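# Reading the structure
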Amino acid sequence: LGTAISPVDAATAQRFKVPVNEGAIVREVRPNSPAEKAGVEPGDVILTLNGEKVRDPATLQGIVEQLELGKNYPLE
């Protein structure tokens, strides 16, 4: 994706109205990355990718590793 991500802690969950320890918060978006081209911004919370639930940063990484390069995938 071209991001640096962190787990969703209690403060982040409350701020974005998402469950604690569910999803991954974007801390940084690397220039010219797929994430930047898709409009992902620091502070976004990723909850699903390609229809798969993101429980934490490790889950997101696992989903990304299974995707084909050069294709677009839905992101919530």
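Given the structure is predicted, the values throughout are model-derived calculations rather than measurements.

Tracing the backbone through its elements, the reader meets Thr-12 in helix H1 (residues 10-16). Since its relative accessible area comes to 12%, Thr-12 is described here as buried. For Thr-12, the side chain forms a polar contact with the side chain of Asp-9, separated by 2.7 Å. In contact with Thr-12, other than residues within four places in its own chain, are Ile-25 and Val-45.

Our next topic: the nonpolar core. Here is a general trend for soluble globular proteins: nonpolar side chains tend to be buried in one another's company. Ranked by size, the top nonpolar core spans ten residues in total: Ala-24, Val-26, Val-29, Ala-35, Val-40, Ile-46, Leu-49, Val-54, Leu-60 and Ile-63. The set of elements that each furnish at least two residues to this core consists of strand E2 (24-29) and helix H3 (57-65). Ranked by residues supplied to this core, first place goes to E2 with three residues. The residues touching Leu-60, leaving out its near neighbours within four places in the chain, are Leu-1, Ile-5, Ala-24, Ile-46, Leu-49 and Val-54. Core analysis: the second largest hydrophobic core is formed by five residues, Val-8, Ala-13, Ile-25 and Val-45 among them.

For Val-29, the location among the structural elements is in strand E2. Among the residues examined, Val-29 registers a relative accessible area of 18% and is labelled buried. Distance from Val-29 to Thr-3, taken between C-alpha atoms, is 4.5 Å for residues 26 residues apart in sequence. Every residue in contact with Val-29, bar those within four places of it in the chain, is listed here: Gly-2, Thr-3, Ala-35, Glu-36, Val-40, Glu-41 and Pro-42.

A word on the environment of Pro-31. With respect to the helices and strands, the residue Pro-31 is situated in the loop between E2 and helix H2 (34-37). Taking the C-alpha atoms as reference points, Pro-31 and Gln-14, 17 residues apart in sequence, are found 29 Å from one another.

A word on the side chain of Thr-59. Tracing the backbone shows Thr-59 in helix H3. Residues contacting Thr-59, with those up to four places away along its chain left out, are Lys-53 and Val-54.

Turning next to the pattern of salt bridges. Two side chains carrying opposite charge are able to pair once their charged atoms lie near each other. On inspection of all chains with the given rule, the structure shows two salt bridges. Across the salt bridge formed by Lys-71 and Glu-68, the nearest N and O atoms sit 3.5 Å from each other.

Criteria and thresholds
Once a new chain begins, its residue numbering starts again from 1 and follows that chain's sequence as written. Side-chain atom pairs in this predicted model are given and counted only at pLDDT of 80 or more, local residue features only at pLDDT of at least 70, and totals for whole chains, interfaces and linings cover all residues. In computing side-chain values, all of the structure's heavy atoms are included and hydrogens and water are not. Starting at the N terminus, helices and strands are each numbered in turn, a helix being any DSSP run of H or I of at least four residues and a strand any DSSP run of E of at least two. Exposure is judged per residue with a 1.4 Å probe applied to protein chains only, and the accessible area is read against the type maximum: over 50% gives exposed, under 20% gives buried, and values in between give partly exposed. Between N or O atoms, a polar contact is any pair within 3.5 Å; within protein, one atom must be a potential hydrogen donor and the other a potential acceptor, and residues adjacent in sequence are included only when both atoms are from side chains. Note on definitions: a residue-residue contact is assigned when non-hydrogen atoms from the two residues lie within 4.5 Å. We define the nonpolar core as a collection of buried residues of types Ala, Val, Leu, Ile, Met, Phe, Trp, Tyr and Cys that are connected through side-chain atoms lying within 4.5 Å of one another. Between Lys or Arg on one side and Asp or Glu on the other, a salt bridge is scored when a side-chain nitrogen of the former is within 4 Å of a carboxyl oxygen of the latter.

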